[in-house]
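# A structural walkthrough
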Amino acid sequence: MAITDFVKRTGHGLAVAAVVVGTMLLIAPTPAQARVDTGTAVGIGLGSFALGAAVGSAATAQPYGYYPPAPAYYAPPPAYYAPPAPAYYAPTRNCWDPNYQRYYAC
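Since we're looking at a predicted model, the values are computed, not measured.

## Here's the deal with the overall build of the chain
When its secondary structure is counted, the chain shows two helices and two strands. Its helices and strands in sequence order give the chain the pattern α-α-β-β, from N to C terminus. Within the chain, the fraction of its 106 residues that count as buried is 2%. On the chain, roughly 10,200 Å² of surface is accessible, and the fraction owed to carbon and sulfur atoms is 68%.

Structural data, given as structure tokens:
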């Protein structure tokens, strides 16, 4: 009986060890195969160039109506801006008060 118990324990141990080793072999990562053909490489290069150009141009874009800093900041605006229309203010009316001998707003 001692021999059968020993064989059973050994068999159970071997079965558990086989399951653990099999699981590790299935889960273990495999080395990457970095095979890229010429067309894919060109596409990646052009795409990264376009993305870099778009991000770079957005980072340096200036909002509408922005003038660069001095000394050009103090320069007059470009010629294509129309000058502002002159404001017209009606003259205030003054009336003469003969009792107090002064002008007052009518």
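## Notes on the pairing of strand E1 (residues 94-97)
The side-chain alternation of E1 yields one buried face, formed by Cys95 and Asp97, and one unburied face, formed by Asn94 and Trp96. Where E1 and strand E2 (residues 102-105) come together, four bridges link them in antiparallel fashion. Looking across to E2, one finds that Cys95 is bridged to Tyr104. With antiparallel pairing between neighbouring strands as the criterion, E1 and E2 make up a hairpin whose turn holds four residues, including Gln101 at a positive phi of roughly 55 degrees.

## Describing the packing of aromatic side chains
Enumeration over the complete set of coordinates arrives at one aromatic pair. When the centroid spacing of 5.0 Å and the interplanar angle of 65 degrees are considered together, the rings of Trp96 and Tyr103 count as edge-to-face. Trp96 sits in the partly exposed class, given a relative accessible area of 44%. For the cation-ring pair, Arg102 lies above Tyr100, with the distance from its terminal atom to the ring centre recorded as 5.5 Å.

## Some thoughts on the state of the cysteines
This structure, assessed with the given rule, holds one disulfide. The disulfide bridge from Cys95 ends at Cys106, spanning 1.4 Å between sulfur atoms. With a gap of eleven residues between them, Cys95 in strand E1 and Cys106 in the segment after E2 connect regions that are remote in the sequence. Cys95 gets classed as buried once you look at its relative accessible area, which sits at 18%.

## Things to note about unusual backbone geometry
The phi dihedral of Gln101 is positive, around 55 degrees, even though this residue is not glycine. Within the element layout of this structure, Gln101 appears in the loop between E1 and E2. Taking the relative accessible area as the measure of exposure, Gln101 reaches 61% and is therefore exposed.

## Considering the environment of Arg93
Tracing the backbone through its elements, the reader meets Arg93 in the loop between helix H2 (38-59) and E1. Judged by relative accessible area, Arg93 falls into the exposed class, the value being 59%.

Conventions and cut-offs
- Residues numbered from 1 in each chain as written.
- Predicted model: local features only at pLDDT ≥ 70, side-chain atom pairs only at ≥ 80, totals over all residues.
- Heavy atoms only, no water.
- Helix = DSSP H or I, 4+ residues; strand = E, 2+ residues; numbered from the N terminus.
- Buried < 20%, exposed > 50% of the residue type's maximum accessible area, 1.4 Å probe, protein only.
- Areas by Shrake-Rupley, 256 points an atom, 1.4 Å probe, with all protein chains shown as cover.
- Pairing = 2+ DSSP bridges.
- Phe/Tyr/Trp six-rings, centres within 6.5 Å; stacked < 30°, edge-to-face > 60°.
- Lys NZ or Arg CZ within 6 Å of the ring centre and 35° of its normal.
- Disulfide = S-S within 2.5 Å.

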